[in-house]
Amino acid sequence: MRMTAKDSVMLVQLLVVFPHSEHLPYWLLLIALFSILMQLSFVHQRLFTPSLRMQKILQGIVFLSGLFGIFQTFHTILGLEAGTAFLIICLLGKLFEVNTRRDVYVVLTLGLFVTAGLFLFDQGLTTTVWVVLATCSILYAMMMQNMVVNDSQPIQVIRTDVNGISPYHALKTIFFIITIAVPLMVILFIFFPRISPIWSIHLSQDQAKTGMSDSMSPGDIANLSQSTELAFRAVFPEGLIPPNAELYWRGLVLGTFDGRTWRPTQDARLKATQWGTQSIPPWLAHGVTLKTREPTKYSITLEPTQQPWLFALNFPIGENSDVGLTREYTVQASDDIRQRTTYKLLRFNTQTIDADLPEWLAQDTLQLPESGNPQSRAFAHNLFKQAKGNPELYASYVTAWIRHENFVYTLQPPPLNGDRIDEFLFRTRRGFCEHYSSAFTFLMRAAGVPARVVVGYQGGQLGRDGHSLEIRQMDAHAWSEIWITGRGWVRYDPTAAIAPDRIERGMGALTSQNPTMFGDGIAGTLRYNQFKIFGQAHEWVDYAKYLWQRDVVGFDQARQNDFLFKFLGLRSQVMQVLVMFMIFALVLAVVVLVQWSRKRPKWHPLDIPLIRLSRRLDKHGLARKDHEGMLQWLKRVELAGYEHQAKKIASIYRTARYSTDLFSEKESIKEMMMIVRSWRKE
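So, here is what we can say about the structure in this document. (Residues numbered from 1 in each chain as written. Predicted model: local features only at pLDDT ≥ 70, side-chain atom pairs only at ≥ 80, totals over all residues. Heavy atoms only, no water.)

**Here we look at unusual backbone geometry**
Residues apart from glycine generally show negative phi values, whereas peptide bonds are mostly found in trans.
Point 1. We note that Gln306 has phi near 60°; this positive angle belongs to a residue other than glycine.
Point 2. As for its placement among the helices and strands, Gln306 is situated in the loop between strand E7 (296-302) and strand E8 (316-318).
Point 3. With a phi angle near 55°, Asn373 is a residue other than glycine that sits in the positive phi range.
Point 4. Its relative accessible area of 4% is what places Asn373 among the buried residues. (Helix = DSSP H or I, 4+ residues; strand = E, 2+ residues; numbered from the N terminus. Buried < 20%, exposed > 50% of the residue type's maximum accessible area, 1.4 Å probe, protein only.)

**Quick look at the packing of helix H12 (residues 374-386) against helix H14 (residues 420-428)**
Describing two packed helices takes the angle between their axes plus the distance from one axis to the other.
Point 1. Relative to each other, H12 and H14 sit at 70°, their axes nearing to 7 Å. With respect to their mutual orientation, H12 and H14 come out roughly perpendicular. Counted together, Pro374, Gln375, Ser376 and Phe379 of H12 and Ile421, Asp422, Leu425, Phe426 and Arg427 of H14 form the full contact between these two elements.
Point 2. Here the residues of the contact of H12 with H14 sort into five nonpolar, two polar and two charged. (Axes fitted to C-alpha atoms, helices over the stretch in contact; angles between N-to-C directions. Parallel < 35°, antiparallel > 145°, perpendicular 65-115°, else oblique. Contact = heavy atoms within 4.5 Å. Nonpolar A, V, L, I, M, F, W, Y, C, P; charged D, E, K, R; others polar.)

**Section: the pairing of strand E19 (residues 488-492)**
Point 1. Here E19 lies mainly inside the structure; four of its five residues are buried.
Point 2. Across five bridges, the pairing between strand E18 (residues 476-484) and E19 is antiparallel. Bridge pairing in E19 places Glu481 opposite Arg491. (Pairing = 2+ DSSP bridges.)

**Digging into the pairing of strand E11 (residues 341-347)**
Consecutive residues of a regular strand have side chains that alternate between opposite faces of the sheet.
Point 1. Bridge count between E7 and E11: seven bridges; the pairing is antiparallel. Within the sheet, the bridge partner assigned to Lys297 lies in E11 and is Leu346.
Point 2. Relative to E11, E8 is paired through three bridges, and the arrangement is antiparallel. For Ile317, the partnering residue across the bridge sits in E11 and is Leu346.

**A word on the packing of helix H4 (residues 52-74) against helix H5 (residues 80-94)**
Point 1. Two elements in contact, H4 and H5, have axes whose closest approach is 9 Å; the angle formed by their N-to-C orientations is 170°. The orientation of H4 with respect to H5, classified from their angle, is roughly antiparallel. Residues Gln59, Val62, Phe63, Gly66, Leu67, Ile70 and Phe74 of H4 lie in contact with H5, whose contacting residues are Glu81, Ala82, Ala85, Phe86, Ile89, Cys90, Leu92, Gly93 and Lys94.
Point 2. Class assignment for the residues of the contact of H4 with H5 results in 11 nonpolar, three polar and two charged.

**Remarks on helix H8 (residues 125-145)**
Point 1. The first and last C-alpha atoms of H8 sit 30 Å apart over 21 residues, in line with the 30 Å expected at 1.5 Å per residue.
Point 2. The set of residues buried in H8 consists of Thr127, Thr128, Val131, Ala134, Ser137, Ile138, Ala141, Met142, Met143, Met144 and Gln145. (Expected span 1.5 Å × (residues − 1).)

**A word on helix H13 (residues 391-404)**
Because each turn of an α-helix spans 3.6 residues, side chains separated by three or four positions in sequence point in the same direction.
Point 1. Its 14 residues give H13 an end-to-end C-alpha distance of 20 Å, which sits within 8% of 20 Å, the value for a rise of 1.5 Å per residue.
Point 2. Those residues of H13 that sit buried are Tyr394, Ala395, Val398, Thr399, Trp401 and Ile402. The buried side chains of H13 occupy one side of the element, clustering within an arc of 160° when seen end-on.
Point 3. The inward-facing, buried residues of H13 contact H12, H14, helix H15 (433-446), E18, E19 and helix H16 (495-498).
Point 4. A side-chain oxygen of the first residue of H13 lies 2.9 Å from the backbone nitrogen of Glu392; this N-cap is Asn390. (Arc of directions from axis to C-beta. Polar contact = N/O pair within 3.5 Å; in protein donor to acceptor, adjacent residues only side chain to side chain.)

**Brief notes about the sheet that holds strand E2 (residues 248-254)**
Point 1. The antiparallel open sheet is built from four strands, whose spatial order is E2-E15-E18-E19. The sheet is open, and its two edges are formed by E2 and E19, each paired on a single side. Strand after strand, the sheet turns through a mean of 35° between neighbouring axes, direction not considered.
Point 2. The sheet contact formed by E2 and strand E15 (residues 451-458) spans six bridges and is antiparallel. Within the sheet, the bridge partner assigned to Leu254 lies in E15 and is Val453.
Point 3. Contacting E18 and E19, H13 crosses the sheet at an angle of about 145° to E18.

Nothing here speaks to function; it is all geometry.
As structure tokens, this is what we get:
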């Protein structure tokens, strides 16, 4: 069964609609799949061919159900997601009345708008590839429609090879269009002045959240750590990347524990935020001492999370006006991170020295459920007595106990039930970082030592550019902080006691050389093999995305001005525009020249002397006509009174071009040129 032109148009719509699957509801994708399948010829041949009346009924059902779904999902027809969904519904409704070439052009033009809508959600490399692929497919379908002779002919019966014209011609035309468009696009990208948007677009709050969540239960971070997806990329000045053991990317502080899950404390005093400053916030000035060493400047490119919190090393201060520092030494954005975002930070080599711990904060960081985990409480009480009430000594005792007992660091710990801290510390003793940080913090609080859990990422892998770090979901980590009078909040990472390689070398190196971390048996082996296979591919893809984000999406007005001044010495926008139009004209001139040269007749070297002779004889009315062959024309010249010379040239020409005997072409051309120069009437 051969594919009709209508089938090709419908299949193109799959490339148009389904890249939106990440942003739009699944019911809309199901309607799209139904609408497209109903228009394919093999469905009509195998199932039924709907009548015109049935087509109208189906069109109404699709459109009305789509409108109902949009209002039920978004509660409006305005906005980015709702507006895009409405445009797709209009496109799907039009599919039911594609009968002539004009209808096809309307559908394909709508498809271009839907495809361009992808850039409203994301400008990343993957989205760009989808847009290019869909656009080329739409252009190809348009080219194929140009082969139709009769515009009123039903489109269902038109074949893609109509009139014997090969689809190769359409591909060749598209390639030619792209060849012209790409240089013009590059010129616009480099020279066209960057203009700030006159509106802002916000995505729905219902977008899926990715990466680190705002709570921690046993198993949450272990699941993240089996993913090689990129979380963010940190770029440092050359030679200033901190050692792996110092790479604690602070994200959230969790201070409330209900016996199962850790969550952020909701006290408003902890949410106080200082925005966009490079100095010490006033509410920290009395309690923070910065060493005089110059801070390290670095930047982070964060993948979309749909969450407001950011990640940074201690002690961070944001250079961006929309990056704030909280009372818990974390940084956050002024809005949820809905697209790939770059922010700049200053990292101070700092110690936090709080004069005292406020009573309200002490109470918050000592909070525990009223009951539960009696064995852990008793153990903490006895061990704290052995440490003579010294928090630092007590913390070292707990760390040593974890190190010397039979604890196991694994991504596949057994499930915990009932008193989970007791179950982990005294029975299973198999867990991931959230198990150890949760248990350690519980033991601190049970002994009366203020403590809290910090979640974020630890480590990072050196990028292929040599001065950036790739922090992946597999680097997700949790650790503890305890209050020590005179020192303030001090980081303790109990994971380092049981798996020091995890901190010193990073999660990637640890998991790649320790397959048992993924569990035992066939399932664990499969998880390990999947991690190995896709890990390397993710590195290359993420690096390409980083370059795209840095050099294309991140090519803002400041970078454009720097680039133009550095390489062309351009300072004003007027000069930018003038140079842009000059280069535009040059490119178009090259295109015209190439097209003209392609359409020029291609003469054989032996024909060139005869072309000159034809021009010379034009004044005698003996110029060669377009329909005449060279030998035929020479015969006419011979009869006009140039018998000897015309016969001689014809003989040379015939021998050089058609004889199988060896004959020097250069010599023939030379001899013919001599005859032409000495040409005279006989």
